[in-house]
Amino acid sequence: MTSTDDRPGGADASAPPLVRPGGTAFWLHAERLLSGLATLALWISGAGLTLMTIIITWQVFSRYVLNRSPSWTEASSVLLMGWFIFLGAAVGVRERTHLGFDVLLYFLPASAKAVLRTISDIVVLAFGGGMIVYGIQLARLTWGTVMPSLALPGGVGFLPVIFGGALVCLFSLERLAGRFAGLPVDVDIHATGEEM
């Protein structure tokens, strides 16, 4: 015999609590907004990776076929790499596809899993905050210099760190807020029978 409550669909008592009706619209709107932001970051990352591949291909062709390597290719490739690495990593934080050591979580009860994941999200949030703070400091220190081959301020190279850190903070806060609001942000893939 299973115990049920008066939630829609006869959900059992072990299911996560529902969010207040007034808050549901807010969470859906916030989730849609952050999902769109993650998709945009992923598209920018993909475009940056594609563009970097084209630039490096042109550099190799110019060096070995034309015997004349352009000076701007290396600096622009490194700049693009910063964008797609940090934006892609931020999306990985939101989608929970980043590397993790979660063997212990399979043996713990749901309440202990939520505590450990909350600690993990707080650490990731602090790391994202560090990216913003130190990224801004580095950008300020190097803004007066110039990248010779691109004629851009040196601080431009640290903008991906700042934007990536901001997204990491947003996505970590989203999961923390969702967990405290009772949303099923910690649904285990293995528990649902789905495969990665």
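Calculation notes
Residues numbered from 1 in each chain as written. Predicted model: local features only at pLDDT ≥ 70, side-chain atom pairs only at ≥ 80, totals over all residues. Heavy atoms only, no water. Core = buried A, V, L, I, M, F, W, Y, C linked by side-chain atoms within 4.5 Å. Buried < 20%, exposed > 50% of the residue type's maximum accessible area, 1.4 Å probe, protein only. Helix = DSSP H or I, 4+ residues; strand = E, 2+ residues; numbered from the N terminus. Contact = heavy atoms within 4.5 Å. 1 Å grid on protein atoms, 1.4 Å probe; cavity = no way out; pocket = protein on both sides within 12 Å on 5 of 7 lines; lining within 4 Å. Points joined across faces, edges and corners; volume = space filled by probe spheres on them. Nonpolar A, V, L, I, M, F, W, Y, C, P; charged D, E, K, R; others polar.

Draft legend 1. Fine view of the nonpolar core. Core analysis: the biggest nonpolar cluster contains 11 residues, these being Leu34, Ala38, Ala41, Leu87, Ala90, Val91, Val93, Val124, Leu167, Val168 and Phe171. Mapped by element, the contributors of at least two residues to this core are helix 1 (21-64), helix 2 (72-95) and helix 4 (159-180). At four residues, the largest contribution of residues to this core is made by helix 2. Setting aside chain neighbours within four positions, we find Leu167 in contact with Leu37, Ala41, Leu87 and Ala90.

Draft legend 2. Inspection of the layout of surface pockets at higher detail. Considered as a void within the structure, the second largest pocket measures approximately 220 Å³ in volume. In this structure, the second largest pocket is lined by Ile85, Phe86, Ala89, Val93, His98, Val123, Val124, Phe127, Met131 and Val168. At the level of elements, helix 2 and helix 3 (110-142) are the ones that each hand at least two residues to the lining of the second largest pocket. When its residues are assigned to classes, the lining of the second largest pocket shows nine nonpolar, one polar and no charged.

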